Amino acid sequence: LTNWASVSTNTHTAAVKTDGTLWTWGGGSNGVLGLGNTTNYSSPKQVGALTNWASVSAGSSHTAAIALVPPRRMRLFEGFTIKFVSGRIIIHQNQ
């Protein structure tokens, strides 16, 4: 239990391990787990292969995670659009 650097929960859980990997589990509706499906998982599943994730947030219908550079990347799952405006990150829920 000591290898989690960042954890966020809602209808699902998303977490970043101290090694920089991203993991999700719980309710998979709307693809919020980022695993390419809508399956529910009772144990953590690694999302992708990046090892530079810094922070994660689990919302009721989304998961957002921020990676450190390089590469500069923000991953936001289904239903949202990311815009960079004047050095700020703006996240809009698609209607």
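Preceding block: the structure.
These figures come from a predicted structure and were not determined experimentally.

(A) Here's a closer look at the sheet that holds strand β2 (residues 12-17). One open sheet accounts for four strands, arranged β1-β2-β3-β4; its pairing is antiparallel. Every interior strand has two partners, whereas the edge strands, β1 (4-9) and β4 (41-46), have only one. If you compare each strand with its neighbour and ignore which way they point, the axes differ by 15° on average.

(B) Molecular detail of the pairing of strand β6 (residues 63-67). Counted residue by residue, β6 has four buried out of five residues, so it is predominantly covered. Pairing geometry for strand β5 (residues 53-58) and β6, over five bridges, is antiparallel. Counted as the bridge partner of Ser55 is Ile66 from β6. With antiparallel pairing between neighbouring strands as the criterion, β5 and β6 make up a hairpin whose turn holds four residues.

(C) Here's a closer look at the environment of Thr13. Tracing the backbone shows Thr13 in strand β2. On the accessibility criterion, Thr13 (13% relative accessible area) is buried. The sequence separation of Thr13 and Val32 amounts to 19 residues, and the corresponding C-alpha distance is 9.7 Å. Aside from chain neighbours lying at most four places away, what touches Thr13 is Val7, Ser8, Trp23, Thr24 and Trp25.

Calculation criteria
- Sequence order as written defines the numbering, with residues in each chain counted from 1.
- The predicted nature of this model means local features are confined to residues of pLDDT at least 70 and side-chain atom pairs, given and counted, to a pLDDT of 80 or more, with totals for whole chains, interfaces and linings taken over all residues.
- Think of the side-chain values as coming from all heavy atoms in the structure, minus any hydrogens and water.
- Following DSSP output, two strands are said to pair if at least two bridges run between them.
- Labels follow the DSSP assignment, with helices taken as runs of H or I lasting at least four residues and strands as runs of E lasting at least two, numbered in each case from the N terminus.
- For helices, the fitted line uses only the C-alpha atoms of the stretch in contact; every axis is such a line through C-alpha atoms, and the angle between N-to-C directions lies from 0 to 180 degrees.
- Three exposure classes are used, based on accessible area relative to the maximum for each residue type with a 1.4 Å probe and protein chains only: buried under 20%, partly exposed in between, and exposed over 50%.
- Throughout, a contact is declared for two residues whenever any of their heavy atoms are within 4.5 Å.

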